[in-house]
Amino acid sequence: MIQCPHCGKDNLPQATRCVHCGKDLDNLFKIEGAEADAGLPEEPEISVSDLLRTFRQEEDSQAEEHRPAVSSGPSAVFASREDTPRAETPQEEEQAPEWLIRIRKRAMQEEDAAGELSRKFNSLEASRSQEHQGRVDEEFANWIARIRENARRENLQAAKSAQAGSESEGGVPEWLRRVRELQPEGLEENQAVQEEPEEPRAEEPEQEKELPAKAEQAQAQEAESVVESGPEEAIETAEPAPDAEGAGEPPLSGHETGAETPPAEEPTESPKTPEIKPVIEELGLASEVSALDLEERPASSETLSADLLLLRKQKESAQILMNLIGEEGKGLPPAKTPREGSRGWYRFILGAFLLLVLIAVIVFVPQARPATYENPTPAVALKDALNALKNGDKVLVVQEYQAAASAEMEQVSAPVLRALEERGIALQFLTTHPNGLWLSANLMNAAEIPARETAYLAGGRLGVLTAALLADESSAMLPEGLESLENYQLILLLEDSQADIQNWIEQAGPWLGAGKLGVLASSQNAALLLPYYDAGQLAGYTAGALEGRVLAAALGQTASTGMPLRAYQAGLLVMIAVLLLGIIIKAEADSNARHQKEPEG
Amino acid sequence: MKKTLPILVAVLTAVFILAALILRPQLNGWLDVVLNWAVVTASAALLVAVATLLLTHLRAILRGQRGFIYSIILISAFLVSFIGALVLGLENSAYLRWVAAVQLPLETSLLGLAALVMTGAALQIFRSRGWSLLTISFGISALVFLVISLGLLQALNIPLLSTVIAYLQRLPLIGARGLLIGIGIGALLTGLRVLFGLERSWGE
Amino acid sequence: MIEGMSNVDLLSLAIVLLALLSLGLNLLIHRKYPYRCLRKNDALLDAEKLMHAAAEKGLRLTIGLGANPNNSVPAPASLAGLPVLRLMTMRSVFNDRPAQALSGDGALASLSQLIVRGKYQNALATELFKPDFGLLAGAAPYAYLAGLLPEVNYRANAGVFLIGRHRPETLLAANLADQKGIPLVAGSDELSTQAVLFATNARLCLGEDALYAGAALETDASAAAALRAQDWLRVLAALGLLAGAVLKLLGAWP
């Protein structure tokens, strides 16, 4: 987990934005030492003189064997940096050219305005202004040369070990021995992993595991460049080095080597550590050193190489980066349940079974008798509203269903329309869907009523609102022949969609009197309509073919044969059976899983 | 200005509609104009979207992209429908029958396919979602309402059973009302955000 | 009181004012940390993870914004997918495969074009923008579904979002995503769609949660305030219902 620098709360390592405060987390793949210097320039701004002064202090303290408590951590670094410009005397300031003084002033005033070049220049100038400039440069050059010599030697050793088949001391490569030196606890686990060669590994996971190992090796080799040139370069060099590929040994990730396991109590300091520590501190990596003290220092008092000081954060970040690169272009894991290879068969069997049942019912089972039982209350209310209509009353039939639902909707609506037509009620057809223009012709055919024109109301919701509010104003948007909605005794909505039903209830309902809207809907909308009916916003409704048949019988009509009721019922029975089957299969799977666990337990 | 002008227009329109709904008789004329604009704008947006779709498929054909044959079918179907309506008119019954003969089986087969898929999903639901209060209640209510939808129990005409069924059929009222209240409040707050220029999903 | 206003009108006005007050208060109270301690929908949080995963794996995200059968001005629920599209596009401007938006409504398709184009402009990468990124899949619900299915089936999909006004037939798209092993995040205000999608592997936004995608994705402070205001109003509505029931039981309510 990483901490948000703004609110201090934990976030996932991959997060680019804090999930708590919403601010950006830009410190992904940064090194802890660098985090402390978040507000500072990219390269550590440390003058050579400061570096050497610290070096000398360290040497002195070693000589005394009682090293005084040197202030470590970022505060010390800040202090030393702040001191540097103040060390310049007024005389030297006078000697400096005017443009330089201006740049310095600006840099002092606004830190961000001091460009990288000017900062480097300032620091260089400051160092040159010291009394022993020559000696400083010489010491610095020696130090750099020493570090480079170390690096060269290590590289040579690594190359030699690679050439020798990457094996030495019982087949263990040099780099692994060094890692083991660092982490003796992780070693045991690691060996245990390596001593299981019976199970051949898949090629892909092996390659994936190699990546972090290479990154680790590269980091080990580049640790000195961290010391030399700061954390940013370390990130750049975190890519696997080409020579690391020859290692050919089972890889070790940070986790495998036990990098995160707490160390043994009271770890002793290795002799080289004091030499490196002040340098790292000066470079802003002091916090890393303390982290190392806690986590990565070996329990034994064996010698530590500077280039083996693997920083945990670096390792984790590199690991994430490598994983991301490795995963590039690969498919995602399945959504929730793993996908099975042969999953299609059961779908085919189920589908075929359902179709066979439906066909068999349609062909062999006779039509259902007219239903004589009572519908639910809303359907009864609609029946009453329809029966209350008198000869000459106007009913606006709003047709808003899709072609797919036409079989069900025609079965529900046709008997009602036929009954109304027979009683001399004036029916006017309206649609807000382009589909409705040709579906209404089919409906009129199914209802066996004379064909008439269907008006098209453009604008959907806004059209409905306009029709409800402005029908008297002869709005250009309203179709010809459409009267004010208040003039209709009933507005009969033929609907298969919640959105369209809500359009009329919400846009037109408030402007119409109570009991003006009646709905003939497809079965899936029954649950939605109930609250509206309960609130008095609907005169009544009938949902689905079954209720439609009962309503038709109540109105003295016979239902259309568009959708055979027996086949519909058979389909529902199949659904019930499949649902039960699903419950049984799940219960059995759970039971099996429990039985398998019990003997193991 | 480029960003504020659309927001300003949205806010002013929303405020006007709200005011016109309250002060209806006085502002009816203006309300008609604004609603007409909105409908024309929505229709123009549809035209733009259709044009974009056609251009995309034309480009696919010209470049010979994979599956360009479907693009040819799409554009051909569009042209035949469009020119047919222009030449024959929307009142022409032959034209309407022709459109119906294409669209009805297509949509019906999609719905039929959805029914088949639903059957498969019913088998999988407990496997994929596991046992939880939600899935168990979902399963029970699905079974109960499927049985009620059969209509066989109602046909028995047993008074006590009819009462129980009538009670069960009112049960969805509770959940549906809760959901509708939530959705209604959500829509109201979204409307208010539009009203005050806070909702800018389409902005930038 | 304005002439012609009924009690229902007054009640509606009171509810609107109450909503306005709670929205304003929440904006004010949480102006500094608008997303702190905010109730967030898990499905939308998963949507954000999917966006990251898609960017990391160089795959595409597809969003279906829903359909509107009469091609009118979109309802608030139809706009629910737009905040998701905005964030998704913003994060995928420089991806190997940019996000793909599909609409079943002309106005929605135009709005999606506007958003996608705007995001490319903001990123100073207009040369990368193609009109195909925000397409009209079909001008009717089933045409939309037919246009959506091949895009869900696209081989390099990292995930599919179906947020907006979707009909129950969207089950076909959800099932296809299931079969292909593509994660699906769905949110619709239609009750039957919610019920149908529950039978799939989809991560669901139940109820009105889909309306507050901007809050869950932390892209819209006003959406976060609206979500808090909604919770307040919901509590008030529950108390009102209880009070009404008690009054009715006592015979004080006609």
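Now for a quick tour of the structure. Quantities reported herein were computed from a predicted structural model and do not represent experimental measurements.

### Digging into the overall build of chain C
Next up, step 1: In terms of regular secondary structure, chain C is built from nine helices and six strands.
Next up, step 2: Relative to its full complement of 254 residues, chain C shows a buried share of 60%.
Next up, step 3: In chain C, the proportion of contacts linking residues at least 24 apart, taken out of those at least 6 apart, comes to 73%.

### Focus on the overall build of chain B
Next up, step 1: A count of helices and strands for chain B gives eight helices and zero strands.
Next up, step 2: Put simply, chain B runs from its N terminus to its C terminus through helices and strands in the order α-α-α-α-α-α-α-α.
Next up, step 3: The buried share among the 204 residues of chain B stands at 22%.

### Concerning the interface of chain A and chain B
Next up, step 1: Residue-level contacts link 49 residues of chain A with 50 residues of chain B.
Next up, step 2: Where the side of chain A that touches chain B is concerned, the elements lending two or more residues are helix 15 (344-364), helix 17 (406-422), helix 18 (436-447), helix 19 (461-470), helix 21 (526-534) and helix 23 (565-600) of chain A.

### With respect to the pairing of strand 5 (residues 184-187) of chain C
Residue and element names in this part refer to chain C.
Next up, step 1: Residues of strand 5 alternate between two faces, with Leu184 and Ala186 on one and Val185 and Gly187 on the opposite face, all of them buried.
Next up, step 2: By the bridge criterion, four bridges tie strand 4 (residues 157-165) to strand 5 in an arrangement that is parallel. Following the sheet pairing, phenylalanine 161 is matched in strand 5 by valine 185.
Next up, step 3: Two strands pair when backbone bridges link them, and strand 5 and strand 6 (residues 203-205) are joined in this way by three bridges, in the parallel orientation.

### So, the packing of helix 3 (residues 82-92) of chain C against helix 4 (residues 106-122) of chain C
Residues and elements named next belong to chain C.
Next up, step 1: The geometry of helix 3 relative to helix 4 is characterised by a closest axis approach of 9 Å and an angle of 30° between their N-to-C directions. One element, helix 3, and the other, helix 4, form an angle in the roughly parallel class. Viewed along their axes, helix 3 and helix 4 form a crossing whose handedness is right-handed. Two secondary-structure elements touch here, helix 3 through Leu82, Leu85, Arg86, Thr89 and Met90 and helix 4 through Leu111, Ser112, Ile115, Val116 and Lys119.
Next up, step 2: Of the residues contributing to the contact of helix 3 with helix 4, the split by class is six nonpolar, two polar and two charged.

### Regarding the sheet that holds strand 6 (residues 490-495) of chain A
Residue and element names in this part refer to chain A.
Next up, step 1: One open sheet holds the six strands; their spatial order is 5-4-3-6-7-8, and the pairing between them is parallel. At either margin of the open sheet sits one strand with a lone partner, and together these are strand 5 (454-456) and strand 8 (540-543). On average, each strand axis in the sheet is inclined to that of its neighbour by 20°, with strand direction left out of account.
Next up, step 2: The pairing of strand 4 (residues 426-431) with strand 5 spans three bridges and is classified as parallel. Bridge pairing in strand 5 links threonine 431 to tyrosine 456.

### A word on the interface of chain B and chain C
Next up, step 1: Listed by partner, the interface residues are 43 residues for chain B and 53 residues for chain C.
Next up, step 2: Only helix 2 (24-63), helix 4 (93-129) and helix 8 (172-195) of chain B provide two or more residues apiece to the side of chain B that touches chain C.
Next up, step 3: Counting residues per element, the side of chain B that touches chain C draws most heavily on helix 8 of chain B, which supplies 14 residues.
Next up, step 4: Here the side of chain B that touches chain C is built from residues that sort into 31 nonpolar, eight polar and four charged.

### Section: the sheet that holds strand 3 (residues 134-136) of chain C
Residues and elements named next belong to chain C.
Next up, step 1: What the six strands build is an open sheet, ordered 3-2-1-4-5-6; its pairing is parallel. Of all the strands in the sheet, the pair left with one neighbour each is strand 3 and strand 6. For this sheet, the mean angle separating the axes of adjacent strands, direction not counted, is 15°.
Next up, step 2: Lying on the sheet, helix 5 (residues 141-152) is in contact with strand 1 (60-67), strand 2 (100-104) and strand 4; it crosses strand 2 at an angle near 165°.
Next up, step 3: Across the sheet, helix 6 (residues 171-180) lies against strand 1, strand 4 and strand 5, angled at about 160° from strand 5, the strand it touches most.

### Quick notes on the packing of helix 19 of chain A against helix 2 of chain B
When two helices pack together, you describe them by how their axes are tilted relative to each other and by the distance separating the axes.
Next up, step 1: Closest axis-to-axis distance for the helix 19 of chain A/helix 2 of chain B pair is 10 Å, and the angle between their directions is 155°. Judged by the inter-axis angle, helix 19 of chain A sits roughly antiparallel to helix 2 of chain B. The two elements helix 19 of chain A and helix 2 of chain B cross, and the hand of that crossing is left-handed. Across from A:Leu462, A:Gly463, A:Leu465, A:Thr466, A:Leu469 and A:Leu470 in helix 19 of chain A, the residues of helix 2 of chain B making contact are B:Arg24, B:Asn28, B:Leu31, B:Asp32, B:Leu35, B:Ala38 and B:Val39.
Next up, step 2: Taken together, the residues of the contact of helix 19 of chain A with helix 2 of chain B break down into eight nonpolar, three polar and two charged.

### So, the nonpolar core
Across soluble globular proteins, you tend to see nonpolar side chains buried next to one another.
Next up, step 1: Core analysis: the biggest nonpolar cluster contains 188 residues, and A:Leu492, A:Leu529, C:Ile63 and C:Val84 have the highest contact counts within it.
Next up, step 2: Top element by residues in this core is helix 4 of chain B. It accounts for ten residues.
Next up, step 3: Contacts of A:Leu492, omitting those with residues within four sequence positions, involve A:Val395, A:Leu396, A:Val397, A:Val398, A:Gly518 and A:Leu520.

### Examining helix 18 of chain A
Next up, step 1: Under the 1.5 Å per step criterion, the end-to-end length of helix 18 of chain A is 15 Å for twelve residues, consistent within 8% with the ideal 16 Å.
Next up, step 2: Counting buried residues in helix 18 of chain A gives nine out of twelve residues, a clear majority hidden from the surface.
Next up, step 3: Taken residue by residue, helix 18 of chain A has A:Gly436, A:Leu437, A:Trp438, A:Leu439, A:Ser440, A:Leu443, A:Met444, A:Ala446 and A:Ala447 as its buried positions.
Next up, step 4: Looking at the packing, one finds that the buried side of helix 18 of chain A touches strand 3 (394-400), helix 17, strand 4 and strand 5 of chain A together with helix 4 of chain B.
Next up, step 5: Positive phi shows up at A:Glu448, right after helix 18 of chain A, with a value of about 60°.

### Considerations on helix 4 of chain B
Next up, step 1: The largest bend in helix 4 of chain B is about 40°, located at B:Leu123.
Next up, step 2: B:Gly130 sits one or two residues past helix 4 of chain B and shows a positive phi near 75°.

### A closer look at the environment of C:Asn41
Next up, step 1: Its place among the elements puts C:Asn41 in the loop between helix 1 (7-29) and helix 2 (42-57).
Next up, step 2: Here the alpha-carbon distance between C:Asn41 and C:Ala210, two residues 169 residues apart in the chain, equals 8.4 Å.

### Side note on the pairing of strand 4 of chain C
Next up, step 1: Across the nine residues of strand 4 of chain C, nine count as buried, placing the element largely inside the fold.
Next up, step 2: Crossover handedness for the path strand 4 of chain C to helix 6 of chain C to strand 5 of chain C: right-handed.

### Here's the deal with unusual backbone geometry
With the exception of glycine, most residues fall at negative phi, and the peptide bonds are largely trans.
Residues and elements named next belong to chain C.
Next up, step 1: Despite not being glycine, leucine 124 shows a phi value in the positive range, around 55°.
Next up, step 2: Looking at where leucine 124 falls in the secondary structure, it is placed in the loop between helix 4 and strand 3.
Next up, step 3: Given 9 C-beta atoms within 10 Å, leucine 124 falls into the exposed group.
Next up, step 4: The residue glutamate 218 is not glycine, and still its phi comes out positive at about 60°.
Next up, step 5: Among the secondary structure elements, glutamate 218 is positioned in the loop between helix 8 (213-216) and helix 9 (221-250).

Thresholds applied
- Residues numbered from 1 in each chain as written.
- Chains lettered and ligands numbered in written order.
- Predicted model: local features only at pLDDT ≥ 70, side-chain atom pairs only at ≥ 80, totals over all residues.
- Helix = DSSP H or I, 4+ residues; strand = E, 2+ residues; numbered from the N terminus.
- Buried ≥ 20, exposed ≤ 12 C-beta atoms within 10 Å, placed from the backbone.
- Contact = placed C-beta atoms within 7 Å.
- Pairing = 2+ DSSP bridges.
- Axes fitted to C-alpha atoms, helices over the stretch in contact; angles between N-to-C directions.
- Parallel < 35°, antiparallel > 145°, perpendicular 65-115°, else oblique.
- Left-handed = near helix turned anticlockwise from the far one by under 90°.
- Nonpolar A, V, L, I, M, F, W, Y, C, P; charged D, E, K, R; others polar.
- Core = buried A, V, L, I, M, F, W, Y, C linked by C-beta atoms within 7 Å.
- Expected span 1.5 Å × (residues − 1).
- Bend = angle between axes of the 7 residues up to and from the residue.
- Right-handed = clockwise from strand over helix to strand, strands pointing away.

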